[in-house]
Amino acid sequence: MRIHHLDCGPMRPPGGALMDGVSTGLFGRLTCHCLAIETDHDGVVLVDTGLGLRDMVRPWPRLPALNAGVLRFRFDPDRTALRHLKRLGISPHDVRHIVMTHLDFDHAGGLVDFPHARVHLMEAEAKAARERRTVLDRLRYRPAQWGDTSRWHTYSERAGGRWFGFDAVVQLDNLPPEILLVPLPGHTPGHAGVAIEGPRGWVLHAADTYFNRAEVHGSASAKAPPAGALAYERMMAWNPALARANQARVRELVASREAPMAVFCTHDPVEYVAMTVWSARSAKQVEGERAA
Ligand SMILES: [Zn+2]
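Residues numbered from 1 in each chain as written. Predicted model: local features only at pLDDT ≥ 70, side-chain atom pairs only at ≥ 80, totals over all residues.

In the nomenclature of an unreviewed UniProt entry, the chain is known as MBL-fold metallo-hydrolase superfamily of uncultured Acetobacteraceae bacterium. Taken verbatim from the UniProt record of the chain, the Sequence similarities (unreviewed entry) comment is "Belongs to the metallo-beta-lactamase superfamily." (UniProt positions renumbered as here; feature names shortened; annotations may be inferred.)

Draft legend 1. Broad picture of helix α6 (residues 123–131). Those residues of α6 that sit buried are Ala124, Glu125, Ala126, Ala128 and Ala129. Check the buried side of α6 and you find it contacts β5 (118–122), α7 (135–140) and β6 (152–155). Looking one or two residues past α6, arginine 132 carries a phi angle of roughly 45°, positive in sign. (Buried ≥ 20, exposed ≤ 12 C-beta atoms within 10 Å, placed from the backbone. Helix = DSSP H or I, 4+ residues; strand = E, 2+ residues; numbered from the N terminus. Contact = placed C-beta atoms within 7 Å.)

Draft legend 2. Geometry of the nonpolar core. By size, the foremost hydrophobic cluster in this structure holds 72 residues, and its most contacted members are Leu46, Ile98, Val99, Ile179, Leu181 and Ala206. Dropping the residues within four chain positions of it, alanine 206 is found in contact with Leu184, Gly193, Val250, Val263, Phe264 and Cys265. (Core = buried A, V, L, I, M, F, W, Y, C linked by C-beta atoms within 7 Å.)

Draft legend 3. Summary view of unusual backbone geometry. Here the bond from tryptophan 60 into proline 61 is cis, since omega is 5°, no more than 30 degrees from zero. Positionally, proline 61 belongs in the loop between α2 (53–57) and α3 (65–71). Phi at arginine 72 takes a positive value of approximately 50°, unusual for a residue other than glycine. Note that arginine 72 resides in the loop between α3 and α4 (81–87). The residue phenylalanine 164 is not glycine, and still its phi comes out positive at about 45°. In this fold, phenylalanine 164 is placed in the loop between β7 (161–163) and β8 (166–168).

Draft legend 4. Just the sheet that holds strand β9 (residues 179–183), in detail. Taken together, four strands build an open sheet; the order of strands is β9-β10-β11-β12 and the sheet is mixed. Edge positions in the sheet fall to β9 and β12 (262–264), since each has one partner strand and no second. Neighbouring strand axes in the sheet, compared pairwise and without regard to direction, differ in orientation by 20° on average. In the sheet, β9 pairs with strand β10 (residues 192–198) via five bridges, with the strands oriented antiparallel. Pairing of isoleucine 179 across the sheet is with isoleucine 196, part of β10. (Pairing = 2+ DSSP bridges. Axes fitted to C-alpha atoms, helices over the stretch in contact; angles between N-to-C directions.)

Draft legend 5. Spotlight on the environment of proline 225. Summarising the element assignment, proline 225 is placed in the loop between β11 (201–205) and α8 (227–236). Separated by 24 residues in sequence, proline 225 and glycine 201 have C-alpha atoms that sit 28 Å apart.

Draft legend 6. Quick peek at the pairing of β11. Here five bridges tie β10 to β11, and the two strands are oriented antiparallel to one another. Opposite alanine 195, over in β11, you have leucine 204 as the bridge partner. Count of turn residues in the β10/β11 antiparallel hairpin: two residues. Sheet topology note: the β11/β12 ladder contains three bridges and is parallel. Residue pairing for β12: leucine 204 is matched across the bridge by valine 263.

Draft legend 7. How the structure looks around the environment of histidine 116. Assignment of secondary structure puts histidine 116 in the loop between α5 (105–108) and β5. With 11 C-beta atoms counted inside 10 Å, the residue histidine 116 sits in the exposed group. In sequence terms histidine 116 and arginine 151 are 35 residues apart; their C-alpha atoms lie 8.5 Å from each other.

What follows is the structure, given as structure tokens:
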């Protein structure tokens, strides 16, 4: 198995360090951190899709103007999952599965670019997205991005599996057991993390459970999370109390000695760079370090 980290929707929101904690200028940086997993027997699995080709070429009215105005996406077709994969020498036909953390417009835009892939997501997310009951839901869920929804395979939160103290869907249809869904509702009703047992151990893509590393990785004495990112996170939370509770559980997981793993979110640019570097180091190098 090999894991590639892809930024499929780079953004330059106003606010500089208030958005990302590090930028010195007027504009910050945010990513749409997706994964392409080359499995041993099941082709390529995507985790989220970021913005798609059509979003990049003709963003309106596919994307919500309010959010996209705040986030300032860089509309560049070369930043889509489709083009990233081409550069890696992977054909779009090799993508057999897409595991979705949730269906927000900045995660689901590339679904139409892979019409043959089976899409895996939580049942609660599919239901909320189809119903689009609130103003916020109509902003975040954009049916034009989904393509054929008969390929959606949904999972109940009561699937019964466990993973490091979390409920988990431990067996996705036709996928290896090393890839599982970990329900973390709050940001949206069916929001979930995706846990993967890769060449360097477990990683958890926590999606929008948090927006900035300081919310989960920082100690009490560390720098406070950036106010702009927190404000956007709050604005987009379906159930803020539940979102905070699940974020706290992920913070505990990160601090736990019993669960050594890499945990990262979708929109933090520093985590994105760190994970890209971390994953690129081959299992061989890791073996070498252990032996030394
Ligand atoms: Zn997001």
